[in-house]
Structure formats: structure tokens, C-alpha cells
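Here are the chains, one letter per residue:
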Amino acid sequence: MENELEPVHYSVLYREILTFFLSVFDKDRELLFLDGTAGEGGHSLLLLEQFPNSKLVLVDRDSVMLSRAKTRLSAHSSRVIPIEANFSDLDSEFLNSFGISNPPDGILLDLGISTFHLLHAGRGFSFRENEPLDMRLSSSGGISAEDVINTYPEKVLSKIFYEYGEERWTKKIVEAILERRRHSRIGYSGDLAQLVSRVIPRKFWPPGRHPATRVFQALRIEVNQELLHIEIGVKKLLDLVARGGLLQVISFHSLEDRIVKNLFRDYARTGEAKLLTKKPVLPTDAEMKENPASRSAKLRVIHKSLPTDIEEEEEDEEE
């Protein structure tokens, strides 16, 4: 039996992330980092090891994941400030309530779902197991995937699968769900996965992926309101990060990346920051071979300008 505290998450694009931070910060400086999506704590551990005089605010909306990350970082516990929250809650007033008065110098968001959630959470994230259809990342309540599948009207379900999952077979999948729930409630991930698999002809199954992947992705996004939190959260973090600091965001599908791309672009246009990634940084072939789950990852980085940089730009414009 697997030790329940053994980390199972691979830290995506960690070399590139460290390279960007080291291009701006001296590793011996006393810095404040913020990991807004702690997950298994892999990225946080790398930052604490690479910047030995720095502190780190460790944030996750899932109390289970936060506990796992704290355990992984226990050797550095004196430099870690754990907070159970959604990254969209974070602003200077919120951090002040935890005694954090300085803005973070470096902020990281990894918007991907943890491998632990897929393999061990027991909340129906995976189509490979027959688990209760929950999919909630937070323990604070809210609507479950089972509620969505069994109560949402046809038009709303279709919108979710088509827009969030970009699922071509939406019409037939929704028809099958409506037919099934006339007779019995769909309560388990395995039941839903089988239903989707029967609807999509085998010759149209995506190579190397389960045919229910897009449906499960769309459900998870809806249950956790992920796109809304990205929109709200990234805006707040752009304001929160210190002058001269970096905000790095890893996304895993086009909807997430589009939001981040547009928010970074609009913020850079104000002259308050500079884009360090005109195009997203992608995993190397070696990383994708080592960790196939990284194949869809995209990293975008923005550098918030120092006051002197902004003043110099304004003087240049006046001249």
C-alpha cells in the first residue's frame, strides 16, 4: 500500500520557473515567495532550497493538499506560512490578516490538478476509478459534479461540455445523460465514464486519452468555477506582487491560457510591467517524455516594473 504522505506530483516546468526567478533575484537575498496553488508542495520545495534566506507563503484551497504540502516542506517549516484559501482571495488586506505586511517578490500559480486528486482523493476526478462524483477541490461546500450531472438543464449541460471541454460529441452525450437520469441517478465517476465511452464511436476516441477526458475536465471547471477564479485571482496577484517582482502562471488548457495571456497583455500595456514571455514557454521533449501529463503545460511570466523604470519611461515619453 502506498504511503499516504508520499508525494505523487511532478513539478512541471520547474527548471524554467527557477531560471526566471534566478534571472531577477539573487539567490542569497531575503525574499518572500507565494505559491498560490501549493498542491504537493513540489515547486515550493524547490524555491525554498534554491533561495535559502527566503520565506514562502503556502496557499491551497484544499485542506488535504495543504497538509500534504506542509509535511513535504517540514524541514523548512520555520520559513513557511501556510494558508488555506483560494488564490483568488489573496490581496494585501487578506495577507495582512495573517501578519504578512510585505508584498511577495515572486508569485507562482500552477493551475493544473494534482496527480494526488486524480489517483487518491476519492472524489471522482478520474474516469479510471468508480468513485463518488464529487470533484470539489475545497472542503467548504458548494455544488458537486453529481448535482451538475443530475440536475442541470439540457442547455446548461451542453454549454458546459462544449465551452469548457470543447467536446465535439456534446449533443449525443447530453442526450444519453438525460435518458439515463430519467431512470436512475448518475452518482459515480465510473458510470459517467462508461456512458461517455458508449456514446463516442471508438474510431473517434482521441489517441492516448480516455474518451471521457473532456467531459470530466468540463465538469471539474464548472464545479470549482475555475475560470472565474483565474480571472479574479490573476488580476489581484498582478496588483499584489512587489515592484521588481515576478508573477509566473502555468496553465493546462486553452481557456485558462487565454485568460492569463489577455490579463498579462493588458497589464503590460499600462507600463506597469514587462512581459518576459511573448509566447508561452512549453515543456521540452525530454520533460514530456519523463512526464506525459506535462505535454499541455504553458508558462507565462510577467515582471512588475520598479518605480525607477516607470519614471524613466515617462521621462522618455515627455522628451
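Here the structure is a predicted model, which means the values were calculated and not measured.

**Looking at the nonpolar core**
And step 1. Counting 62 residues, the largest nonpolar core has Phe161, Ile173, Ile177, Leu192 and Leu247 as its most contacted members.
And step 2. Excluding residues within four positions of it along the chain, Ile177 makes contact with Ile149, Leu157, Phe161, Ile186, Leu192 and Leu195.

**Things to note about a positive patch on the surface**
And step 1. A cluster of like positive charges, contributed by Arg168, Arg209, Arg214 and Arg295, occupies part of the molecular surface.
And step 2. Note on placement: Arg209 falls in the loop between α9 (189-199) and α10 (213-224).

**Considerations on the confidence of the model for the chain**
And step 1. Here the chain averages 89 in pLDDT, while 88% of its residues score no lower than 70.
And step 2. Of the regions scoring below 50 in pLDDT, residues 1-8 engages in 14 contacts with residues more than four places distant in sequence or in other chains.
And step 3. pLDDT under 50 marks residues 314-319. Its contacts with residues more than four places away, or in other chains, come to 0 contacts.

**Topic: the pattern of salt bridges**
And step 1. In the structure shown here, the tally under the stated rule is 15 salt bridges.
And step 2. Notably, a salt bridge pairs Asp266 with Arg265, separated by 3.2 Å at the nearest N-O pair.
And step 3. Arg269 is paired through a salt bridge with Asp266; the nearest N and O atoms lie 4.0 Å apart. With Arg269 and Asp266 both in helix α12 (residues 254-269), this residue pair falls 3 residues apart, about one helical turn.
And step 4. Through salt bridges with shared partners, one network takes in Glu146, Asp147 and Arg185.

**Considering the side chain of His43**
And step 1. Residue placement: His43 occurs in helix α2 (residues 42-50).
And step 2. A polar atom in the side chain of His43 sits 2.8 Å from the backbone oxygen of Val12.
And step 3. Not counting chain neighbours up to four residues away, the residues in contact with His43 comprise Ser11, Val12, Tyr14, Ile17, Asp35, Leu108, Asp110 and Ile250.

**Overview of the sheet that holds strand β7 (residues 298-304)**
And step 1. Strands sit in the order β3-β2-β1-β4-β5-β7-β6 across an open sheet of 7 strands; the sheet is mixed. One side of each edge strand has no neighbouring strand; the edge strands of this open sheet are β3 (80-84) and β6 (273-275). The sheet shows a mean angle of 15° between the axes of neighbouring strands, taken without regard to direction.
And step 2. In terms of strand pairing, β6 meets β7 through 3 bridges, oriented antiparallel. Across the sheet, the residue bridging to Ala273 is Lys304, located in β7.
And step 3. Lying over the sheet, helix α1 (residues 14-24) contacts β1 (32-35), β4 (106-110), β5 (246-251) and β7, oriented at roughly 170° with respect to β5.

**Re the environment of Pro132**
And step 1. Looking at where Pro132 falls in the secondary structure, it is placed in the loop between α5 (115-119) and α6 (145-151).
And step 2. Judged by relative accessible area, Pro132 falls into the partly exposed class, the value being 43%.

**Re the pairing of β4**
And step 1. Burial of β4 is extensive: 5 of the 5 residues sit out of reach of the surface.
And step 2. Of the two faces of β4, both are covered, the one formed by Gly106, Leu108 and Asp110 as well as the one formed by Ile107 and Leu109.
And step 3. Alignment of β1 against β4, held across 3 bridges, turns out to be parallel. The residue of β4 that forms the bridge with Asp35 is Leu108.
And step 4. Of the strand pairs in this sheet, β4 and β5 are connected by 5 bridges, and their pairing is parallel. Within the sheet, the bridge partner assigned to Asp110 lies in β5 and is Ile250.

What counts and what doesn't
Along each chain, the written sequence defines residue order, and numbers are assigned to residues from 1. Thresholds applied to this predicted model are a pLDDT of at least 70 for local features of residues and 80 or more for the giving and counting of side-chain atom pairs; totals over whole chains, interfaces and linings are not thresholded and use all residues. Side-chain numbers here rest on the full set of heavy atoms in the structure, without hydrogens or water. Remark: nonpolar core denotes a set of buried residues (Ala, Val, Leu, Ile, Met, Phe, Trp, Tyr, Cys) joined through side-chain atoms within 4.5 Å. Only protein chains enter the calculation, and the probe is 1.4 Å; a residue is then buried if its accessible area is under 20% of its type maximum, exposed if over 50%, and partly exposed in between. Any two residues whose heavy atoms approach within 4.5 Å are treated as being in contact. Within this analysis, patches are made of residues with over 30% relative accessible area and no salt bridge. Like charges are joined at 9 Å or less; nonpolar side chains (Val, Leu, Ile, Met, Phe, Trp, Tyr) at 5 Å or less. We get accessible surface area from the Shrake-Rupley algorithm with a probe of 1.4 Å; when it comes to residues, only the shown protein chains can shield them. Salt bridges are counted wherever a side-chain nitrogen of Lys or Arg sits within 4 Å of a carboxyl oxygen of Asp or Glu. The charged-residue count follows a simple rule in which Lys and Arg add positive charge and Asp and Glu add negative charge, with His and chain termini not counted at all. We put the charge of a Lys on NZ, of an Arg on CZ, of an Asp on CG and of a Glu on CD. Helix and strand assignments come from DSSP, with helices taken as H or I runs of at least 4 residues and strands as E runs of at least 2, each series counted from the N terminus. As a per-residue measure, pLDDT tells how confident the predictor is, with possible values from 0 to 100. Throughout this description, a polar contact denotes any pair of N or O atoms lying within 3.5 Å of each other; where both atoms belong to protein, one of them has to be capable of donating a hydrogen while the other can accept it, and for residues adjacent in sequence the pair is counted only when both atoms sit in side chains. When DSSP finds two or more bridges between two strands, those strands count as paired. Each axis is a line fitted through C-alpha atoms, taken for helices only over the stretch in contact, and angles between the N-to-C directions span 0 to 180 degrees.

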